[in-house]
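Chains, contacts and geometry: an overview
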Amino acid sequence: MKDEWRILSYRKAISAIKKYKKPITSYEEAKKIPGIGLRTAEKIAEIIDTGNLKRIDSFSEGDDIIKKFGNVYGVGPSIAMKWYAKGHRTFEDVLKDEKLTRNQISGILYYDDLQKRIPRDEVTKISEWVTRAALSIDPKLECITGGSYRRGNPDCGDVDIMITRNDSDGTTHLGVLSRLVEILRDQGFLTHELVQHNGESLSAKFMGICKLPEGVHRRLDIFMVPYNEMGAALLSYTGNDIFNRSMRLMARKKKMCLNQHGLFMNVSRGRDGIKYSEGKIIAQKTEKEICDALGVPWR
DNA sequence: GCCC
DNA sequence: CAGTACG
DNA sequence: GGGCCGTTACTG
């Protein structure tokens, strides 16, 4: 199904409504909000008038099952629909009949835990745990929790931690992630590794599942960041995704290119593996520097 | 779906 | 390569 | 009509 862009549109509308803060009391008011068009404004009006949206009542049990399948880590819209089309209705069906990837098995095994929101103070505790382990490797490491936590949310879907190190003394954080993962694993804190870190890169990352001694299983991402890229990393890993996409679209319109490493001149590069040559970087060290270069107000 |  | 995941 | 983030990064 090609609902991809309609879904994105709805997500933008939801984001716009949240940002709008005050209650929407009329069709006209809704229609004025950027990101809310004719069709969504009509639906909002229906909710204002009747307190309900009729289309939602017509969602079938099958829709719910496909949605549940798609919420499994490692399962997206394509596989969720495939499973349903093959007659699967429960995780038991899937476990019995499907060849699953290791991540999908973890996703089903810890489905209930991973669906739960993480209270903000537990995110703090998880961050402190990881930070303590990191500093035991090198006290000059800097750990910053990003994601919805850095956006100030009262609860989060996962924990995103960026780790960097001021390299002006000639030392970097190269190789730290492997050691950190090993420590956290030995502590029994890490229970599953979903994505392995990419070698010994300064941009290595970890994606997995962790658990505090008295807690349930939680998704944890650790992103290693080269010191001079920290601004770009902070922007990217704080998000949210709709914000990132709009920023990157804005960059592209100005013939620039924004990613988690920095803001670049949008010049074509050969596919010979060479990444970003020196002359093409515009900004990356601080968030303000990048926003200034894009002409976006910072704070 | 929305926006140009 | 398609599919999925990260913000 | 046609684009909608990243030449993002990883899995199988």
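Residues numbered from 1 in each chain as written. Chains lettered and ligands numbered in written order. Predicted model: local features only at pLDDT ≥ 70, side-chain atom pairs only at ≥ 80, totals over all residues. Heavy atoms only, no water.

**Some details on the domain arrangement of chain A**
Domain annotation for chain A reports domain 1 (3–57), domain 2 (60–115), domain 3 (118–225) and domain 4 (241–294). Each of domain 3 and domain 4 has a C-alpha centre, and the two are 25 Å apart. (Domains from an automatic or database assignment.)

**Section: the protein's contact with DNA strand B**
The environment of DNA strand B is made up of 13 residues, and the closest members are Arg6, Ser9, Gly35, Gly37 and Arg39. When atoms of DNA strand B within 4 Å of the protein are sorted by moiety, sugar and phosphate together comprise 69%. Take Gly35: an N or O atom from its main chain is 2.9 Å from a phosphate oxygen of DNA strand B. Within the backbone of Gly37, a nitrogen or oxygen atom sits 2.9 Å from a phosphate oxygen of DNA strand B. Where the surface near DNA strand B is concerned, the elements lending two or more residues are helix H1 (4–20) and helix H3 (38–50). Tallied by class, residues from the surface near DNA strand B come to 5 nonpolar, 4 polar and 4 charged. (Near = heavy atom within 4 Å. Polar contact = N/O pair within 3.5 Å; in protein donor to acceptor, adjacent residues only side chain to side chain. Helix = DSSP H or I, 4+ residues; strand = E, 2+ residues; numbered from the N terminus. Nonpolar A, V, L, I, M, F, W, Y, C, P; charged D, E, K, R; others polar.)

**So, the pairing of strand E7 (residues 218–224)**
Extensive coverage of E7 is indicated by the burial of 7 of its 7 residues. Neither face of E7 is exposed, since Arg218, Leu220, Ile222 and Met224 on one face and Arg219, Asp221 and Phe223 on the opposite face are all buried. Judged from the 5 bridges that link them, strand E4 (residues 159–165) and E7 form a sheet pairing that is parallel. The partner of Ile161 across the bridge, within E7, is Ile222. (Buried < 20%, exposed > 50% of the residue type's maximum accessible area, 1.4 Å probe, protein only. Pairing = 2+ DSSP bridges.)

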